[in-house]
Amino acid sequence: MIGLILAIIIFNSAAYFFSGRLTRNQKLHIWTFTIAFQLAHDLLIEYKHMAYSYFDKGISWQGMLGHTILLPPVNILFLNFFPFGKGFLKQFSYVAVWTAGLLIYELVARLPEPWGYFQYGWWKWEYSAIEDPILLLLLVLFYKFIIWIEKGTMKVEGEREHAGC
């Protein structure tokens, strides 16, 4: 439990202090998306197929911390520093470095309690090595979708103001 609490404090503090590129609206969207996507993913992979678990198998209050307040700030940090418009090689390298960092973090989270809290069932780190870059790219696509919606919303609001509504 100590490892989870430390991780939550570190990642949330870092996201709070180092996410100035993102608006509050974008952070809220990313936070909500992360929780919804992770819970949907974990309903299948963690709970139905018992691939891994937080602490013990099944649903627990301490496991809910990992599902709700651990990963969203990590995703916010990832997007805050993503090299948008910098070319494929730079973006590929960025995703590769983050994937390596996530794999190292996953290994640390597998330490025995009280430091670790993540347990493998049939899951292997190799699966994470394949899945993590895909999930990070889905996150980038969702962020671009948020930007697209914001631009459309601003355009509509501007038209209303211009029309005198």
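Residues numbered from 1 in each chain as written. Predicted model: local features only at pLDDT ≥ 70, side-chain atom pairs only at ≥ 80, totals over all residues. Heavy atoms only, no water.

1. A closer look at the overall build of the protein chain
Logical step 1: The number of helices and strands found in the protein chain is five helices and two strands.
Logical step 2: Counting from the amino terminus, helix and strand elements in the protein chain follow one another as α-α-β-α-α-β-α.
Logical step 3: Projected onto its principal axes, the C-alpha coordinates of the protein chain cover approximately 60 × 35 × 30 Å.
Logical step 4: Residues counted as buried form 36% of the 165 residues belonging to the protein chain.
Logical step 5: In the protein chain, the share of contacts with a sequence separation of at least 24, taken over all contacts with a separation of at least 6, comes to 72%. (Helix = DSSP H or I, 4+ residues; strand = E, 2+ residues; numbered from the N terminus. Buried < 20%, exposed > 50% of the residue type's maximum accessible area, 1.4 Å probe, protein only. Contact = heavy atoms within 4.5 Å.)

2. A look at the confidence of the model for the protein chain
Logical step 1: Confidence in the prediction for the protein chain averages 90 pLDDT; 92% of positions are at 70 or higher.
Logical step 2: No element of the protein chain has a lower mean pLDDT than strand S1 (residues 52–54), which averages 82, and none a higher one than helix H4 (residues 88–109), which averages 97. (pLDDT = per-residue confidence, 0-100.)

3. Considering the packing of helix H2 (residues 24–48) against helix H3 (residues 61–81)
Logical step 1: Here H2 crosses H3 at 125°, and the two axes come no closer than 8 Å. Of the possible angle classes, the one that applies to H2 and H3 is oblique. By crossing handedness, the relation of H2 to H3 is classed as right-handed. Judged by residue contacts, Lys27, Ile30, Trp31, Thr34, Ile35, Gln38, Leu39, Asp42, Glu46 and Tyr47 of H2 engage Gly66, His67, Thr68, Ile69, Leu71, Pro72, Pro73, Asn75, Ile76 and Leu79 from H3.
Logical step 2: Split into classes, the residues belonging to the contact of H2 with H3 amount to eleven nonpolar, six polar and three charged. (Axes fitted to C-alpha atoms, helices over the stretch in contact; angles between N-to-C directions. Parallel < 35°, antiparallel > 145°, perpendicular 65-115°, else oblique. Left-handed = near helix turned anticlockwise from the far one by under 90°. Nonpolar A, V, L, I, M, F, W, Y, C, P; charged D, E, K, R; others polar.)

4. Points about the packing of helix H1 (residues 2–17) against H3
Logical step 1: Contact pair H1 / H3: the axes reach a minimum separation of 8 Å and the direction vectors enclose 30°. One element, H1, and the other, H3, form an angle in the roughly parallel class. Seen along the crossing, H1 lies across H3 with a hand that is left-handed. Each of Leu4, Ala7, Ile8, Phe11, Asn12, Ala14 and Ala15 in H1 lies in contact with H3, whose residues at this interface are Gln62, Leu65, Gly66, Ile69, Leu70, Pro73, Val74, Ile76 and Leu77.
Logical step 2: A breakdown of the residues in the contact of H1 with H3 according to their chemical character gives 13 nonpolar, three polar and no charged.

5. As for H2
Note on helix geometry: an α-helix contains 3.6 residues per turn, so any two residues three or four positions apart are oriented the same way.
Logical step 1: End to end, H2 covers 34 Å across 25 residues, agreeing with the expected 36 Å (1.5 Å per residue, within 8%).
Logical step 2: The largest bend in H2 comes to about 45°, at aspartate 42.
Logical step 3: Burial in H2 covers these residues: Gln26, Ile30, Phe33, Thr34, Gln38, His41, Asp42, Ile45, Glu46 and Tyr47. (Expected span 1.5 Å × (residues − 1). Bend = angle between axes of the 7 residues up to and from the residue.)

6. Brief notes about the UniProt feature "transmembrane region" (unreviewed entry) in the protein chain
Logical step 1: Summarizing the sequence annotation, UniProt attributes the feature "transmembrane region" (unreviewed entry) to residues 59–82, 88–108 and 129–149 in the numbering used throughout.
Logical step 2: Structurally, residues 129–149 is divided into 100% helix and 0% strand, and its ends, taken at the C-alpha atoms, are 31 Å apart. (UniProt positions renumbered as here; feature names shortened; annotations may be inferred.)

7. Some details on the nonpolar core
Logical step 1: By size, the foremost hydrophobic cluster in this structure holds 18 residues, and its most contacted members are Ile30, Phe78, Leu79, Phe82 and Leu139.
Logical step 2: In terms of residue count, the dominant contributor to this core is helix H5 (residues 125–163) (six residues).
Logical step 3: Once residues within four sequence positions are removed from consideration, phenylalanine 82 is found in contact with Arg21, Gln91, Tyr94, Val95 and Val140.
Logical step 4: If you look at the next biggest cluster of nonpolar residues, it comprises 14 residues, including Ala7, Ile45, Phe55 and Phe118. (Core = buried A, V, L, I, M, F, W, Y, C linked by side-chain atoms within 4.5 Å.)

8. Remarks on the side chain of glutamate 131
Logical step 1: Looking at the element boundaries, glutamate 131 is found in helix H5.
Logical step 2: Notably, glutamate 131 is buried but unbridged: the nearest opposite-charge side chain belongs to arginine 110, and the N-O separation is 13 Å.
Logical step 3: Aside from chain neighbours lying at most four places away, what touches glutamate 131 is His41 and Trp123. (Lys, Arg positive; Asp, Glu negative; His and termini not counted. Salt bridge = Lys/Arg side-chain N within 4 Å of Asp/Glu carboxyl O.)

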